[in-house]
Amino acid sequence: MSQKKHISLIGFRPYTLFLLVIGFFLSFGIVYGQGIEDRITPFQKELLEVTSYPEFPDAGAVILSDVGTFKLLFVFSCWICMTKVKRRIHILKESEISRGDVELFFYYKGGAEIINQVTGRTYNLEDGDTVVSELDEEEIYTETLDEEYARVKFSLPNVKAGSIFEYEFNRTETNLFSLSPWFFQSDIPTLVSDYRVFLPANYDYTYVVLGSGSEKLENVSSGNWRMENLPGITEEPYSSGLMNYLAQIRLQLQGITQNGSYKKVLDDWPTFTNNLLTSDFMGKRIQQKVKVNSSEWSALSKLPDEKERMVGIYNHVKDRMAWNGSHSFLCFRKTNDAYKEQKGTSAEINFILLNLLRKAKLQAEPVLISTRDMLMPIKDFPLATAFNHVIIRVTIEGEEYFLDATDPRRPYNLLAFEDLHQIGWLLRKGNPEWITIPNDYPALQGISVMANLGDEGFEAGLHGYSSGYYGLTIRKVIDEIGVDEYANSLSTSMVEDEDGETFHLENLEDIEEPLKWKYQLEENEYVIESNDRIYINPMFGFGLEENPFMSKERHHPVDFGHTFQQNYNITFLIPEDYEVESLPESQRYILPN
């Protein structure tokens, strides 16, 4: 629910209101001084006459300047992180007008962040004069999205092709340990991005620069970084999250000097591990008992084979528990409460799995990971914020199994696709370590076609199988649209076979087995007769419809996530009075390394 005000207090805690009050009083220049305006070029009428930029001649919109100033302030007996941002954008093409609709997201849970003091304006050239349209305060909305996140929304007025608009806002935060990152890069080209940090002399911060454009970073002065002429980066097919490739800087508190004594704040990974294993929301939750129906538990725990026992417990948890869609590696309520409710976060579900596996005397350990849409953990920064999910590793007779029980359609030997993000932190006493998340879970697909181009017309029989991630994807599609609609998506020309079936499907519910299917076709869109010629599309609707690698330039490494194999076999019976006029040339490709 949104309200037509600067901030909606529905769902916000008292500390959030405290941040709002502080942000209001500190926003009148006493905090930032000349922090922004002395680093951004004053608006000039001549900018409105520019129709393209030499560095990015094809761009539909360009960020002219993106300037941020951060200060760590001691206010009302507490430390507050204040960031002021001013962003100016030039709209060059009609297709980019929607960029005037701005959304600013923030994490409000527990009063962690607040965004306020939003202002903005649009510049247009009309009859040779500059017309300025100010953003109306009444058109700025704040709404809560869920129990953790909220957003500020507004639309700059009078935006059209040729417009330049700018907006500024304050972000107030309470986490001085790990500062919010500054992104120099966006999905459209950026001419100038400048970030300045003011910190107390006794606070020792370290930083890391990440992203594909990081070589362009200019350290203007101590605590002032700038990058220029950065291309826009957008999501690309077959890659992990955009967060890993945008040029950015991240600062982390590593120590504080008090009364002449230096106190280290940034722990090493073993210390981080010990702290988690003794924490209320990790270590204590792992030790809490989950109460399973005695007859069910007796059947599971008495399985003599350890792997069968593991699979049985995994199936019990994934079939009982419904994932609420929230990734987490911390558990904020008792695991038994989540078990009773039969619904929970990823941490609650996988902690229940961990508890029961250990109860069944199996060697099971939690592994902290970040999902593919998140930044990959930085090994030099032992931070809890590096992770947003937890999976379970089970070791049986030297063989490792990685389990994630958040999806009832996924068998034990498949992690969620979003889990396949290369590395994870094995959380255990004594010797925690970085481990590789296996990505050799196969996605297999085989398709066979027997086609007859006889005198009585075309007919064909198709059968195939899909296993691993291919099988999982099809099962999810069928769950959503049904078997009949899925069959229609393959072809609308299916005919009944000798058993009276139009589309035969096997192993839909047996998720550990390959999904098998078969159907028959008669006249269809893939075989076209014209005069004395027959034109055939031998893929019969399978395969890619377009090449996913058509971009002139790629910014991200290709990352399929997992291995895959596709086999396609086709046999054509051709009438005796026909001959093959042309065939695609045989080709073989071998990729290096």
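Residues numbered from 1 in each chain as written. Predicted model: local features only at pLDDT ≥ 70, side-chain atom pairs only at ≥ 80, totals over all residues. Heavy atoms only, no water.

Participant: Would you mind showing me how to read the overall build of the chain here?
Facilitator: Counting its secondary structure elements, the chain contains 9 helices and 31 strands. Expressed along its principal axes, the backbone C-alpha trace of the chain runs to roughly 90 × 75 × 50 Å. Long-range contacts, defined here as pairs at least 24 residues apart, represent 72% of the contacts in the chain between residues at least 6 apart. When the accessible surface of the chain is summed, it comes to about 30600 Å², and 49% of that surface belongs to carbon and sulfur atoms. (Helix = DSSP H or I, 4+ residues; strand = E, 2+ residues; numbered from the N terminus. Contact = heavy atoms within 4.5 Å. Areas by Shrake-Rupley, 256 points an atom, 1.4 Å probe, with all protein chains shown as cover.)

Participant: Looking at this structure, how should I read the pairing of strand β24 (residues 443-454)?
Facilitator: Where a strand is regular, its side chains alternate between the two sheet faces. Note: β24 against strand β31 (residues 564-573), 10 bridges, orientation parallel. Paired with Gly 446 across the strands is Asn 567, a residue of β31. In this sheet, strand β25 (residues 457-467) lies alongside β24 in antiparallel orientation, the contact comprising 11 bridges. Directly across from Gly 446, in β25, lies its bridge partner Tyr 465. (Pairing = 2+ DSSP bridges.)

Participant: Would you mind going over the packing of helix α5 (residues 306-320) against helix α7 (residues 346-359) with me for this structure?
Facilitator: Describing two packed helices takes the angle between their axes plus the distance from one axis to the other. With their axes 10 Å apart at the nearest point, α5 and α7 run at an angle of 150° to one another. Here α7 runs roughly antiparallel to α5, going by the angle between their axes. α5 and α7 meet at a crossing whose hand is right-handed. On α7, the residues touching Met 310, Ile 313, Tyr 314, His 316 and Val 317 of α5 are Ile 349, Ile 352, Leu 353, Leu 356 and Leu 357. (Axes fitted to C-alpha atoms, helices over the stretch in contact; angles between N-to-C directions. Parallel < 35°, antiparallel > 145°, perpendicular 65-115°, else oblique. Left-handed = near helix turned anticlockwise from the far one by under 90°.)

Participant: Before we go on, may I ask you to explain the nonpolar core in this structure?
Facilitator: Note on soluble globular proteins: their nonpolar side chains tend to be buried together. One finds Met 310, Leu 357 and Leu 368 to be the most contacted residues of the largest nonpolar core, which totals 47 residues. Of all the elements, α7 adds the most residues to this core, at 8 residues. Discounting chain neighbours no more than four positions away, the residues touching Met 310 are Leu 357, Leu 362, Val 394, Ile 396, Tyr 401, Leu 403 and Tyr 412. In this structure, Ile 63, Ala 150, Leu 156 and Tyr 167 belong to the second largest nonpolar core, which totals 43 residues. (Core = buried A, V, L, I, M, F, W, Y, C linked by side-chain atoms within 4.5 Å. Buried < 20%, exposed > 50% of the residue type's maximum accessible area, 1.4 Å probe, protein only.)

Participant: Can you help me understand helix α2 (residues 269-277) in this one?
Facilitator: Three or four residues apart is the spacing at which side chains of an α-helix point the same way, because the helix has 3.6 residues per turn. Within α2 the residues assigned to the buried category are Trp 269, Phe 272, Thr 273, Leu 276 and Leu 277. When α2 is viewed along its axis, its buried side chains cluster within an angular range of 130° and face the same direction. Buried residues along α2 sit in contact with α3 (283-287), β19 (363-369), β22 (423-426) and β23 (433-436). (Arc of directions from axis to C-beta.)

Participant: Before we go on, may I ask you to explain the packing of helix α8 (residues 468-481) against helix α9 (residues 483-490) in this structure?
Facilitator: At a minimum axis separation of 7 Å, α8 and α9 run at an interaxial angle of 120°. Viewed along their axes, α8 and α9 adopt a mutual orientation that is oblique. Each of Ile 474, Val 477, Ile 478 and Ile 481 in α8 lies in contact with α9, whose residues at this interface are Val 483, Glu 485 and Tyr 486. Here the contact of α8 with α9 is composed, by residue class, of 6 nonpolar, no polar and 1 charged. (Nonpolar A, V, L, I, M, F, W, Y, C, P; charged D, E, K, R; others polar.)

Participant: Please clarify how the sheet that holds β23 should be interpreted in this entry.
Facilitator: Through backbone hydrogen bonds, the strands of a sheet pair up, either in parallel or in antiparallel fashion. Here 5 strands make up an open sheet; going across it, the order is β21-β20-β19-β22-β23 and the pairing antiparallel. Edge positions in the open sheet fall to β21 (399-403) and β23, since each of these has one partner strand only. Each neighbouring strand pair of the sheet contributes to a mean axis angle of 35°, computed without reference to strand direction. Of the pairings in the sheet, the one linking β19 to strand β20 (residues 389-396) comprises 7 bridges and is antiparallel in character. Considered in β20, the bridge of Leu 368 is made with Val 390. Across the sheet, α2 lies against β19, β22 and β23, angled at about 60° from β22, the strand it touches most.

Participant: What is the right way to read the side chain of Ser 346 from this model?
Facilitator: Following the sequence through the fold, Ser 346 ends up in helix α7. You can call Ser 346 buried: its relative accessible area is 0%. If we ignore the near neighbours within four places in the chain, the residues touching Ser 346 are Trp 323, Ser 326, His 327, Ser 328, His 389 and Thr 406.

Participant: What is the right way to read the pattern of salt bridges from this model?
Facilitator: Here the idea is simple: oppositely charged side chains can pair when their charged atoms come close. Enumeration according to the criterion identifies 31 salt bridges in this entry. Lys 318 is the salt-bridge partner of Asp 319, the closest N and O atoms lying 2.8 Å from each other. With relative accessibility at 53%, the residue Asp 319 sits in the exposed group. What emerges from the salt-bridge pattern is a single network uniting Lys 84, Lys 86, Arg 88, Arg 121, Glu 134, Glu 166 and Glu 168. (Salt bridge = Lys/Arg side-chain N within 4 Å of Asp/Glu carboxyl O.)

Participant: Please explain the environment of Gln 565 as it appears in this structure.
Facilitator: Mapped onto the elements, Gln 565 comes out in strand β31. In this structure Gln 565 comes out as partly exposed when scored by relative accessible area, which is 44%. Those residues in contact with Gln 565 that sit more than four places away from it in its chain are Ala 443, Leu 444, Gln 445 and Tyr 470.

Participant: So what exactly am I meant to see when it comes to a negative patch on the surface here?
Facilitator: Residues Glu 456, Glu 459, Glu 522, Glu 523 and Glu 529 make up a contiguous surface patch of negative charge. In this structure Glu 456 comes out as exposed when scored by relative accessible area, which is 85%. (Patch = residues over 30% accessible without salt bridge, like charges linked within 9 Å, V, L, I, M, F, W, Y side chains within 5 Å. Lys, Arg positive; Asp, Glu negative; His and termini not counted. Charge placed at Lys NZ, Arg CZ, Asp CG, Glu CD.)

Participant: Can you help me understand the pairing of β23 in this one?
Facilitator: In this structure, β22 lies alongside β23, joined through 4 bridges in antiparallel fashion. Counterpart to Trp 425 in the pairing with β23 is Trp 434. Hairpin connection, β22 to β23: the antiparallel pair is bridged by 6 residues, and Gly 430 has positive phi, about 90°.

Participant: Help me understand the packing of aromatic side chains in this model?
Facilitator: The way to describe two aromatic rings as a pair is by their centre distance and the angle between their planes. Counting across every chain of the model gives 27 aromatic pairs. Both rings, one in Tyr 195 and one in Trp 225, keep their centres 6.4 Å apart while their planes meet at 25°; by these two values the pair is stacked. In this pair, Tyr 195 is assigned in strand β11 (residues 190-198) and Trp 225 in strand β14 (residues 224-230), connecting sequence segments 30 residues apart. Tyr 195 sits in the buried class, given a relative accessible area of 2%. (Phe/Tyr/Trp six-rings, centres within 6.5 Å; stacked < 30°, edge-to-face > 60°.)

Participant: What exactly am I supposed to notice about the confidence of the model for the chain here?
Facilitator: Do not read the fine detail of predicted coordinates wherever pLDDT is low. This prediction gives the chain a mean pLDDT of 86; 92% of its residues lie at or above 70. Here strand β1 (residues 2-3) stands out as the least confident element of the chain, with mean pLDDT 34; β20 is the most confident, with 97. This stretch, residues 1-19, has a pLDDT under 50; its non-local contacts, to residues over four places away or in other chains, come to 55 contacts. For the stretch residues 24-34, pLDDT sits under 50, and the model shows 17 contacts to residues farther than four places along the chain or on other chains. (pLDDT = per-residue confidence, 0-100.)

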